[in-house]
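# Structural overview
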Amino acid sequence: MHELPLTEQIIKIVTERGQAAGASKIESIKLVVGERSGYITESIRLYFDVVSKGTLCEGAALEIEVVKPMLKCPACDELFERPRMSFACPACGTDGEPTDIGREFYIDSIEVSGLSKFP
């Protein structure tokens, strides 16, 4: 349920940036969402269609890049996805430690009518 206010904030930020650039319409929005960010991408998509009605974002394509969580091996510095039922590094077998990779959440780019993408 916390995706609703989050989606409203995304639309507010994107609309403000679009208006500042002189856009008449937002064509696409790219988000980066880590699997461990706490946000459900399907809910963001659902709310986006509803909340964007009547805004510059209505009808915009919403692209979401999902970032998988990664562990880091303290022995060999290897970054790796956690194997199922294990924390072992595939390179050396040492248990990996959590990283912030997979906790991301940000607007990566916005494409507006008549202009190229801008961050």
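Look above for the structure.
Thresholds, definitions, all that
- Residues numbered from 1 in each chain as written.
- Predicted model: local features only at pLDDT ≥ 70, side-chain atom pairs only at ≥ 80, totals over all residues.
- Heavy atoms only, no water.
- Helix = DSSP H or I, 4+ residues; strand = E, 2+ residues; numbered from the N terminus.
- Rg over C-alpha atoms; globule rule 2.2 N^0.38 Å.
- Buried < 20%, exposed > 50% of the residue type's maximum accessible area, 1.4 Å probe, protein only.
- Areas by Shrake-Rupley, 256 points an atom, 1.4 Å probe, with all protein chains shown as cover.
- Lys, Arg positive; Asp, Glu negative; His and termini not counted.
- Charge placed at Lys NZ, Arg CZ, Asp CG, Glu CD.
- Pairing = 2+ DSSP bridges.
- Salt bridge = Lys/Arg side-chain N within 4 Å of Asp/Glu carboxyl O.
- Axes fitted to C-alpha atoms, helices over the stretch in contact; angles between N-to-C directions.
- Arc of directions from axis to C-beta.
- Contact = heavy atoms within 4.5 Å.
- Parallel < 35°, antiparallel > 145°, perpendicular 65-115°, else oblique.
- Left-handed = near helix turned anticlockwise from the far one by under 90°.
- Nonpolar A, V, L, I, M, F, W, Y, C, P; charged D, E, K, R; others polar.

The subject of this paragraph is the overall build of the chain. The secondary structure content of the chain amounts to 2 helices and 6 strands. The order of α-helices and β-strands along the chain, N terminus first, is α-β-α-β-β-β-β-β. The C-alpha atoms of the chain give 18 Å as radius of gyration, which overshoots the globular expectation for 119 residues (14 Å, by more than 25%). Dimensions along the principal axes, computed over C-alpha positions, put the chain at roughly 55 × 30 × 15 Å. Counting across all 119 residues of the chain, residues that qualify as buried make up 34%. Accessible area of the chain: about 7,100 Å², with a carbon and sulfur share of 52%. Looking at charge distribution, the chain has the averaged site of its 13 positive side-chain charges lying 2 Å from that of its 19 negative ones.

Below, the discussion takes up the sheet that holds strand β5 (residues 97–98). With antiparallel pairing, 3 strands are arranged side by side in an open sheet as β4-β3-β5. Two strands bound the open sheet, and with one partner strand each, they are β4 (79–80) and β5. Sheet topology note: the strand β3 (residues 71–72)/β5 ladder contains 2 bridges and is antiparallel. Looking across to β5, one finds that Lys72 is bridged to Glu97.

Right, let's get into the pattern of salt bridges. Following the criterion strictly, the structure yields 4 salt bridges and no others. Ionic pairing is found between Lys30 and Asp108, a salt bridge with its closest N-O pair at 3.7 Å. Residue Lys30 is found in strand β1 (residues 26–34), and its partner Asp108 is found in strand β6 (residues 105–112); the two are separated by 78 residues along the sequence. For Asp100, the salt bridge identified is with Arg103, shortest N-O distance 3.9 Å.

With that out of the way, let us pick up the sheet that holds strand β2 (residues 61–67). What the 3 strands build is an open sheet, ordered β2-β1-β6; its pairing is mixed. Looking at which strands have only one partner, the edges of the open sheet turn out to be β2 and β6. Pairs of neighbouring strands in the sheet enclose a mean axial angle of 15°, with direction left out of account. By the bridge criterion, 7 bridges tie β1 to β6 in an arrangement that is antiparallel.

Our next topic: helix α2 (residues 41–51). Looking at α2, one finds that the buried residues are Thr41, Ile44, Tyr47 and Phe48. In an axial view of α2, the angular spread of the buried residues amounts to 125°, which keeps them on one side of the axis. Away from the buried face of α2 by more than 90 degrees, exposed residues Glu42, Leu46, Asp49 and Val50 are located. Looking at the packing, one finds that the buried side of α2 touches α1 (3–20), β1, β2 and β6.

This next bit is on the packing of α1 against α2. At their nearest, the axes of α1 and α2 sit 9 Å apart, and the two run at 55° to each other. Between α1 and α2, the angle is such that the two are oblique. In the packing of α1 onto α2, the handedness of the crossing is right-handed. Residues Glu3, Leu4, Leu6, Thr7, Glu8 and Ile11 of α1 lie in contact with α2, whose contacting residues are Ser43, Ile44, Tyr47, Phe48 and Val51. Looking at the contact of α1 with α2, its residues break down into 7 nonpolar, 2 polar and 2 charged.

This next bit is on unusual backbone geometry. Here the phi dihedral of Asp77 falls at roughly 65°; this positive angle occurs in a residue that is not glycine. Mapped onto the secondary structure, Asp77 falls in the loop between β3 and β4. The exposure class of Asp77 is exposed, given its relative accessible area of 53%. Its identity is not glycine, yet Met85 carries a phi of approximately 65°, on the positive side.

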